[in-house]
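Descriptive analysis of the structure
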Amino acid sequence: MDFEWSMLADLSYWHTTLQLLFPAFGETLYMVLAATFMSYALGLPLGVLLVVSSPGHVLPNPWIDRVLGTVINIFRSAPFIILMVALIPFTRLVVGTTIGTTAAIVPLVISAAPFVARMVESSLKEVPHGVIEAALSMGASPWQIIYKVLIPEAKASLILGLAITTISVIGYTAMAGAVGGGGLGDLAIQYGYNRFRTDIMILTVAILVLLVQGIQSLGTILARKMVEH
Amino acid sequence: MIQIEHLEKTYTSKQGRVTALQEVSLHIPQSAIYGIIGLSGAGKSTLVRCLNLLEQPTSGRIVIGGQDLTRLSGKDLRQARQKIGMIFQHFYLLQSRTVAENIAFPLELAGVSKEEIVARVKELLSLVGLKEKANVYPSQLSGGQKQRVGIARALATKPQVLLCDEATSALDPQTTLSILNLLRDINQRLGLTIVMITHEMKVIKEICTDVAVIHEARIVEQGPIESVFIRPQSEIAKQFVSSVFPNEMPPELLRELAAHSNSELIRIHFVGSRASDPVLTDLVRHCKVQANILYGSIDHLRATLFGSLTLELLGTPEQLAEAHTYLQNREVQVEVIERGF
Ligand SMILES: Nc1ncnc2c1ncn2[C@@H]1O[C@H](COP(=O)(O)OP(=O)(O)OP(=O)(O)O)[C@@H](O)[C@H]1O
Ligand SMILES: [Mg+2]
C-alpha cells in the first residue's frame, strides 16, 4: 500500500499507523532508558575513577589513570556499527540472543559507557581544586570528597551530560534498529524505506525530533534550576 | 602551640626543582595572632599549607598541640585536620549548599549528630553575624559575607588553630577591617591561635601580635610586632614597615628643613602610653635644649599607639648628650639620623 494524501482523512489509516508506531516507540523508550541507565551504572564510577586517580587529585594513581584512559579511548574510537557486530558473541553470552531490543541494549551500553565516563570526567573536573582542598583541610576522606563535594558540586553539569548522553543513545538505538534491534529506527527502515511509506518515515523522524528536543529542554531547565537556586 | 622545626619544601616538576621553603623554624605561641608576611612567591602559601599537610614537607617537623603531624597519615591525619581550621583568599564555599549547609559540612564529615549540627550551626551563624543569611546560597553573598561563612565553617569543629591564607586579599579595605575585627574578636573570646598569611603590612599592623618575614624561602626576621616595626633588621622588613609608616624622609631633605647647621637630627619612637606622655616638653625643660619638630606621625599597632617624631635638637654637645640619656631613661627609642658636628 503506497501513501496518498487522501488517506489522512481516513480514520482507519490512523488506527493502523498508530498500531505500528506505538509499540515501536515503546521499544525505543525501553532501549534508551535501559541503555542510558546501565551505561551510567558503568560509566559514572569509571568517570569518577578517571578524575580522582589523575595526578594531584585525592587518589592519584598513574597506572589506573593511564590504563583506564587508554581502554576508554579504544572503545570510543570504534564506530558503533562495528562494535555492534564485533560484540555479537558477547551479546549472545549475556542475553542468549543477538536480535531484538534486549540484545541491542548490550552494544548500546558498551559503546555509551566510555562516553559517559568522559562526560562525567569533564563535569567533575569543573569543580575548582580549591574547593576540594578546603574539604581536605576539614578532614574529608577521598570517599567523602567524591560523594559530598565532587558529585553535588557538579550536579548541573552532570545533568546536562545526562541529557547529551540520552540523546546520543537515541541516535544509536535508531542504528541498532536497522539491524533488527526493533524500535522506531527499525520501523523507519522496514516501512519508510523498504516499503516506500514516506508517511511512516516522516512520523518516526518527527517523534525522534520531539523526543530529543524534550530531553534537551528538560536537561537545560533542570541544570539551570540547580545553578540559580 | 605550633612548633615548626627545620621545615624544607622542594617542588620537583618537569621544569626542574623549586625550593619553596628552606630551614624554616618558628614557634607560634598559644593564642597568638601570628602574621607571616612576604612578597609574592616568597613561600607563604607553601608554608601555611605545610601546617595542615595539604602539602607534604620535604623534611622537617610540624608539631601542633603536642602532636607531630608529619608522622600522621590516613585517618589520624584527617582527625588532626579537624582541629585545624583554614580559610582562603577565594573562600572556596560549596556552591550547591546554603550558608547553613556549608557551615554544617565539616560537622557532617566528622560524623556529628543532626541535632548537634543544627545547634552548632545556629551558634556559629550568630558568631559571624549572618543569622538572616542561613538559607541563602553563596552566589548571593558579597565577598565579606562569603569570608564570614568561611570563618564559621572553619570554626565549626572547634579547632585550636585557624590558618588564614590571604583571607582578606580579595576584599575592599573596609570589609577587610570588619573581617580582621571579627578574627581578633574570635581570638580573644575563644583563645584561638591564628596564623595570618599576607602580603599586606596593613593586615599585620591591625591585628597581629607577632610577625615573621619570609623572603626567598627563608624566614629573615621574626618577633613581636612592636620590635619588628620599630627596629626592622632586614632590608625587606624595612620596606614592609615603610609601606605602612612612610615616615622616612631622606636625610638631605631633613637637613634642608633644619634651620641650623650645628644641630643634630634624631628620630624618636614612642610605643603605648609613652606616645601620649609630654616627653618633648619635659625634654626641653629638663635638658635646656631646643627642639624643632620636622616631621612626625602617630598611628596604631593593634590597640597600642605607635609614633615617631623627627626632631632637630639644638644645644651644646653636653646638653645633647644629657638629652640622649634623659630620653633613654624614659624608655623612648632614639635614632640619630645625622650629627651637625
Ligand atoms: N605545586 C607547585 N609546583 C611547583 N612549584 C610550586 C608549586 N607551588 C608553589 N610553587 C613555587 O614555590 C614558590 C613559593 O610559592 P608560594 O605559592 O608558596 O608563594 P606565596 O608566597 O604564597 O606567593 P603569593 O603571594 O603569590 O601567593 C614559588 O616559586 C612557586 O612558583
Ligand atoms: Mg600564596
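For the structure itself, consult the block above.
Here's a quick rundown of the structure. Worth saying up front: this structure is predicted, and the values here are computed from it rather than measured.

Definitions and cut-offs
Residues numbered from 1 in each chain as written. Chains lettered and ligands numbered in written order. Predicted model: local features only at pLDDT ≥ 70, side-chain atom pairs only at ≥ 80, totals over all residues. Heavy atoms only, no water. 1 Å grid on protein atoms, 1.4 Å probe; cavity = no way out; pocket = protein on both sides within 12 Å on 5 of 7 lines; lining within 4 Å. Points joined across faces, edges and corners; volume = space filled by probe spheres on them. Helix = DSSP H or I, 4+ residues; strand = E, 2+ residues; numbered from the N terminus. Nonpolar A, V, L, I, M, F, W, Y, C, P; charged D, E, K, R; others polar. Pairing = 2+ DSSP bridges. Near = heavy atom within 4 Å. Polar contact = N/O pair within 3.5 Å; in protein donor to acceptor, adjacent residues only side chain to side chain. Areas by Shrake-Rupley, 256 points an atom, 1.4 Å probe, with all protein chains shown as cover. Buried < 20%, exposed > 50% of the residue type's maximum accessible area, 1.4 Å probe, protein only. Contact = heavy atoms within 4.5 Å. Buried area = accessible area lost by both parts, 1.4 Å probe. Salt bridge = Lys/Arg side-chain N within 4 Å of Asp/Glu carboxyl O.

This part covers the layout of surface pockets. The volume enclosed by the largest pocket comes to roughly 460 Å³. Of all the elements in the fold, those that place two or more residues in the lining of the largest pocket are α6 (129–137) of chain A together with α2 (74–81) of chain B. Across the lining of the largest pocket, the residue classes break down as nine nonpolar, seven polar and four charged. Quantified by volume, the second largest pocket comes out at close to 310 Å³. In terms of lining residues, the second largest pocket is bounded by 16 residues, among which Glu153, Ala156 and Val227 of chain A together with Gln95 and Ser96 of chain B are the most central. Counting only elements with at least two residues in the lining of the second largest pocket, the list comes to α7 (142–153), α8 (155–181) and α10 (198–228) of chain A. The dominant element in the lining of the second largest pocket, judged by the number of residues it contributes, is α8 of chain A, at three residues. When its residues are assigned to classes, the lining of the second largest pocket shows seven nonpolar, six polar and three charged.

Our focus in this paragraph is the pairing of strand β2 (residues 16–28) of chain B. The two faces of a sheet get side chains in turn, since along a regular strand they alternate between them. All names here are of chain B. Bridge count between strand β1 (residues 2–13) and β2: nine bridges; the pairing is antiparallel. Bridge pairing in β2 places Gln3 opposite His27. Where β1 folds back on β2, the antiparallel hairpin that results is connected by two residues.

Residue and element names in this part refer to chain B. Surrounding ligand 1, one finds Tyr11, Val18, Ala20, Leu39, Ser40, Gly41, Ala42, Gly43, Lys44, Ser45, Thr46 and Glu166. In this structure, Gly41 approaches ligand 1 through a main-chain N or O atom, which is 2.8 Å from an oxygen atom. A distance of 2.7 Å is found between an oxygen atom of ligand 1 and a side-chain nitrogen or oxygen belonging to Ser45. Taking 630 Å² as the accessible area of ligand 1 by itself, protein coverage stands at 60%. When residues of the shell around ligand 1 are traced back to their parent elements, those giving at least two are β2 and α1 (44–51). A total of three residues in the shell around ligand 1 trace back to one element, the largest contributor, which is α1.

Moving on, we get to the environment of Arg17 of chain B. Residues and elements named next belong to chain B. By secondary structure assignment, the location of Arg17 is in strand β2. Among the residues examined, Arg17 registers a relative accessible area of 65% and is labelled exposed. On a C-alpha basis, the gap between Arg17 and Gly35 in space is 28 Å, while along the polypeptide they are 18 residues apart. Setting aside residues no more than four positions away along its own chain, Arg17 makes contact with Thr10, Tyr11 and Thr12.

Applying the stated criterion across every chain, the model contains one cavity of 30 Å³ or more. There is about 100 Å³ of room inside the largest cavity. Lining the largest cavity are 14 residues, with Met138 of chain A together with Ile84, Gly85, Met86 and Ala154 of chain B sitting closest to its centre. Elements supplying a minimum of two residues to the lining of the largest cavity: α6 of chain A together with β6 (84–88) and α5 (143–155) of chain B. No other element matches β6 of chain B, which puts four residues into the lining of the largest cavity. Residue composition of the lining of the largest cavity, grouped by class: eight nonpolar, four polar and two charged.

For helix α3 (residues 99–109) of chain B, the tally of buried residues reaches nine of eleven residues, placing the bulk of the element in the interior. Every buried residue of α3 of chain B is listed here: Val99, Ala100, Asn102, Ile103, Ala104, Phe105, Pro106, Leu107 and Leu109 of chain B. Where α3 of chain B is buried, its residues contact α6 and α7 of chain A together with α4 (114–127) and α5 of chain B. Just downstream of α3 of chain B lies Gly111 of chain B, where phi reads positive at about 75°.

What follows deals with the side chain of Thr168 of chain B. Along the chain, Thr168 of chain B turns up in the loop between β7 (161–165) and α6 (173–190). Apart from residues lying up to four places away in sequence, Thr168 of chain B is in contact with Thr176, Ile179, Leu180, Glu200 and Val203 of chain B.

The next subject is the interface of chain B and chain A. Facing the 22 residues of chain B at the interface are 18 residues of chain A. Here chain B and chain A share an interface that buries about 1900 Å² over both sides, 60% of which is from carbon and sulfur atoms. Broken down residue by residue, the surface that chain B buries against chain A is led by Arg78, Tyr92 and Leu109 of chain B, which jointly contribute 29%. Linking chain B with chain A are two salt bridges.

Function cannot be read off these values alone, since they describe shape.
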